[in-house]
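What follows is the residue order along each chain.
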Amino acid sequence: MNSSVVRAADRQHRAPRPESTRKISPVWRCLGIASNRQGGIRCKTMLRLAALAISLVLTASPALATPGRGDDADGATVESGSIDAALFYDRLDSGPAGGEDLLQIGITHGLSDRVRIGGQASFARQPGTSRKVETVGAEVLFALGKLGPIDSALYATYDIGIDAPDAVEARFILEHDRGRMNLRFNLIATRELASGESVELGYAFSGDYQVLPKWRLGLQGFGEFGSFDRLLPHGGHALGPIIGYEIEPSINLRAGYLFTLGKARDDTKGQFRIGLEFGL
């Protein structure tokens, strides 16, 4: 994900729906329901939207600036009618970019158990300067269904850069939520609209475990896969621990630290992160 893009609220640990009420892989079995006129129409519409979201990013983008900055590993499920909000703050630790920070706000709404929309804004500050609006944008997530025990989704966002080019992004999201454990992986493609380079690919992942009734411990990571012109270069990566605390059933606090690896160490040695997520 472009490092300036805010992550909207996505409460990470809702109680799973009973297996008997879950809809199994509606997108992956589209051809199987083509004989049903209404089902076939709905299925084709979802596939066209998915193809459109992917096509938006299959052109240019610069490399990610600082992996993990303003980013999070998205989940693949949607709760119909939910309204979630988030505040997120990160600060780069030492190095040439040390002291730069980013304050982000976001809100999302589950239109159904398949579609979630949202809006976001980010506010950046350089050391010794006042905070400025960096991006504002909109997002949409389509829950695709289950691949065996794994939930999947497609995510797209459009961000308006205030002093930078606008950007679009798409993600293919996988999530496994079972018992006390939650695992997520996001494959990311990003494009800055004013650029002329190849599409940039990246990833985000997280895994955590409920160690106590209100506490979760885990690991998160972010990085670059390179571009279609140069896949798997010696890029930048970030990895570190995360801790979560449930203040109330619908209010969660998360904090962590990312250690940078590879080219990302040219800018900073690490990143402090803290976020507050709550349901409205």
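Just above sits the structure.
Here we summarise the structure given alongside this text. Within every chain, residues take consecutive numbers counted from 1 along the sequence as written. Reporting of local features is limited, given that this is a predicted model, to residues whose pLDDT is at least 70; pairs of side-chain atoms are given and counted only at 80 or more, and all residues count toward the totals for whole chains, interfaces and linings. Remark: hydrogens and water are excluded; side-chain values derive from all non-hydrogen atoms of the structure.

**Considering the side chain of D90**
Working step 1: By the secondary structure assignment, D90 is in strand β1 (residues 83–93).
Working step 2: The buried label goes to any residue with under 20% of its type's maximum accessible area, the exposed label to any with over 50%, and the partly exposed label to all in between, with areas taken from a 1.4 Å probe on protein chains only. Exposure remark for D90: the relative accessible area of 0% places this residue in the buried category.
Working step 3: Here G70 takes part through its backbone nitrogen, which lies 2.9 Å from a polar atom of the side chain of D90. Secondary structure elements follow DSSP: runs of H or I of four or more residues count as helices, runs of E of two or more count as strands, with numbering from the N terminus. By the criterion applied in these results, polar contacts are pairs of N or O atoms within 3.5 Å in which, for protein atoms, one can donate a hydrogen and the other can accept it, and in which residues neighboring in sequence qualify only through two side-chain atoms.

**What to know about the pattern of salt bridges**
Working step 1: Counted as salt bridges are all cases of a side-chain nitrogen of Lys or Arg within 4 Å of a carboxyl oxygen of Asp or Glu. Applying the stated criterion across every chain yields a total of 13 salt bridges.
Working step 2: For D90, the salt bridge is made with R69, and the minimal N-O distance between the two is 3.8 Å. Taken together, the residues span a long stretch of sequence, with D90 in strand β1 and R69 in the loop between α1 (37–55) and β1 at a distance of 21 residues. The two residues D90 and R69 agree in class, both being buried.
Working step 3: When the shortest N-O distance is used, the salt bridge between D72 and R254 registers 2.4 Å. Of this pair, D72 sits in the loop between α1 and β1 while R254 sits in strand β11 (residues 251–262), placing them 182 residues apart in sequence.
Working step 4: Shared partners join several salt bridges into a network, and the residues in it are D71, D74, E169 and R171.

**As for the packing of aromatic side chains**
Working step 1: The aromatic pairing rule takes the rings of Phe, Tyr and Trp, using the six-membered ring of Trp, and pairs them if the centres are within 6.5 Å, calling planes under 30 degrees apart stacked, those over 60 edge-to-face and the rest tilted. By the definition in use, this model includes five aromatic pairs.
Working step 2: On the basis of an interplanar angle of 35° and a centroid distance of 5.0 Å, the ring pair of Y203 and F225 is categorised as tilted. A residue pair is termed long-range when its members are at least 10 positions apart, and Y203 in strand β8 (residues 200–212) and F225 in strand β9 (residues 215–227) qualify at 22 residues.
Working step 3: The exposure class of Y203 is buried, given its relative accessible area of 13%.
Working step 4: Centroid distance W215 to Y245: 4.6 Å. Interplanar angle 45°. Geometry classified as tilted. Of this pair, W215 sits in strand β9 while Y245 sits in strand β10 (residues 236–248), and the two are 30 residues apart along the sequence.
Working step 5: According to the relative accessible area criterion, Y245 is partly exposed, its value standing at 29%.
Working step 6: Grouping aromatic residues by their ring pairs yields a cluster made of Y203, F205 and F225.

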